[in-house]
Amino acid sequence: MSMLLSMVWLGVVVIYLLSRSLLAAIVFNNMMALIGFVLNDLSLPVGSLAGAALFALALALLYRIARRLVLPS
């Protein structure tokens, strides 16, 4: 498992080095994590309502970070 995750992290590093975008690396990492959860039939250790709330919070934070990067004040 650690070797497989090392390969994912190497992919994250390559994405960051090629794009120089932390946001692209974060999106790629989250995409790979989602694929891993789906393929291995895993779920978060919290309930579905709490998981949905955490997901919404993460999206809101990602939106604020991305907006701050694109539109400097």
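Within any chain, residue numbers begin from 1 and follow the written order of that chain's sequence. Predicted model: local features are reported for residues with pLDDT of at least 70 only, side-chain atom pairs are reported and counted for 80 or more only, and whole-chain, interface and lining totals are derived from all residues. Computation of side-chain values covers all heavy atoms of the structure but excludes hydrogens and water.

## A word on the overall build of the protein
- To qualify as a helix, a DSSP run of H or I must reach at least 4 residues; to qualify as a strand, a run of E must reach at least 2; elements of each kind are numbered from the N terminus. Counting secondary structure elements, the protein contains three helices and zero strands.
- The linear arrangement of helices and strands in the protein, starting from the amino end, is α-α-α.
- Burial analysis of the protein (73 residues in total) assigns 7% to the buried set.
- The accessible surface values rely on the Shrake-Rupley method and a 1.4 Å probe; as for residues, cover is taken only from the protein chains in view. Accessible surface, the protein as shown: approximately 6400 Å² in total, 75% of it carbon and sulfur. Here the term buried applies to any residue with accessible area under 20% of the maximum for its type, exposed to any over 50%, and partly exposed to those in between, with areas from a 1.4 Å probe on protein chains only.

## Comments concerning a nonpolar patch on the surface
- Without a salt bridge and with relative accessible area above 30%, a residue can belong to a patch; like charges are then joined within 9 Å and nonpolar side chains (Val, Leu, Ile, Met, Phe, Trp, Tyr) within 5 Å. Take a side-chain nitrogen of Lys or Arg and a carboxyl oxygen of Asp or Glu: if they are within 4 Å of each other, that pair is a salt bridge. Where nonpolar side chains cluster on the molecular surface, the patch consists of Val13, Tyr16, Leu17, Leu22 and Ile26 and spans about 440 Å² of accessible area.
- Of all the secondary-structure elements, those providing two or more residues to the nonpolar patch are helix H1 (2-19) and helix H2 (22-39).
- In terms of residues, the nonpolar patch owes the most to one element, H1, which gives three residues.
- The residue Tyr16 is located in helix H1 in this model.
- When its relative accessible area of 34% is taken as the criterion, Tyr16 is described as partly exposed.

## Here we look at H2
- Here H2 contains 18 residues, and its C-alpha end-to-end distance of 26 Å stays within 8% of the 26 Å for a straight helix at 1.5 Å per residue.
- Where H2 ends, the next residue or the one after it, Asp41, has phi of about 55 degrees, a positive value. Take the residue count of a helix, subtract one, and multiply by 1.5 Å to get its expected span.

## Considering H1
- Helix length check: H1 (18 residues) gives 26 Å between terminal C-alpha atoms against 26 Å at 1.5 Å per residue, within 8%.
- Immediately beyond the C-terminal end of H1, within one or two residues, lies Arg20, with a positive phi of roughly 55 degrees.

## A closer look at unusual backbone geometry
- Even without being glycine, Arg20 reaches a positive phi, approximately 55 degrees.
- Turning to its location among the elements, Arg20 is positioned in the loop between H1 and H2.
- By relative accessible area, which is 60% here, Arg20 ends up exposed.

## Let's talk about the confidence of the model for the protein
- pLDDT: the predictor's confidence for each residue, scored from 0 to 100. For the protein, per-residue confidence averages 81 on the pLDDT scale, and residues scoring 70 or more make up 88% of the total.
- Averaged over each element, pLDDT in the protein is lowest for helix H3 (residues 48-70) (80) and highest for H1 (87).

## Quick look at the packing of H1 against H2
- In contact at an axis separation of 8 Å, H1 and H2 are set at 155 degrees when each is read in the N-to-C sense. Relative to H2, the element H1 lies roughly antiparallel. Read as a crossing pair, H1 and H2 show a hand that is right-handed. Residue-level inspection shows Val8, Trp9, Gly11, Val12, Ile15, Tyr16 and Ser19 of H1 in contact with H2, the latter providing Leu22, Ala24, Ala25, Phe28, Asn29 and Met32.
- Across the contact of H1 with H2, the residue classes break down as ten nonpolar, three polar and no charged. Axes, fitted as lines to C-alpha atoms, cover a helix only where it is in contact. Angles between the N-to-C directions of the axes lie from 0 to 180 degrees. Working rule for angles: under 35 degrees goes down as roughly parallel, over 145 as roughly antiparallel, 65 to 115 as roughly perpendicular, anything else as oblique. In a left-handed crossing the near helix is turned counterclockwise from the far helix by less than a right angle, and in a right-handed crossing that turn is clockwise. Working rule for contacts: check all heavy atoms of both residues, and any pair within 4.5 Å makes them a contact. Residues were grouped as follows: Ala, Val, Leu, Ile, Met, Phe, Trp, Tyr, Cys and Pro as nonpolar; Asp, Glu, Lys and Arg as charged; and all remaining residues, including Gly, as polar.

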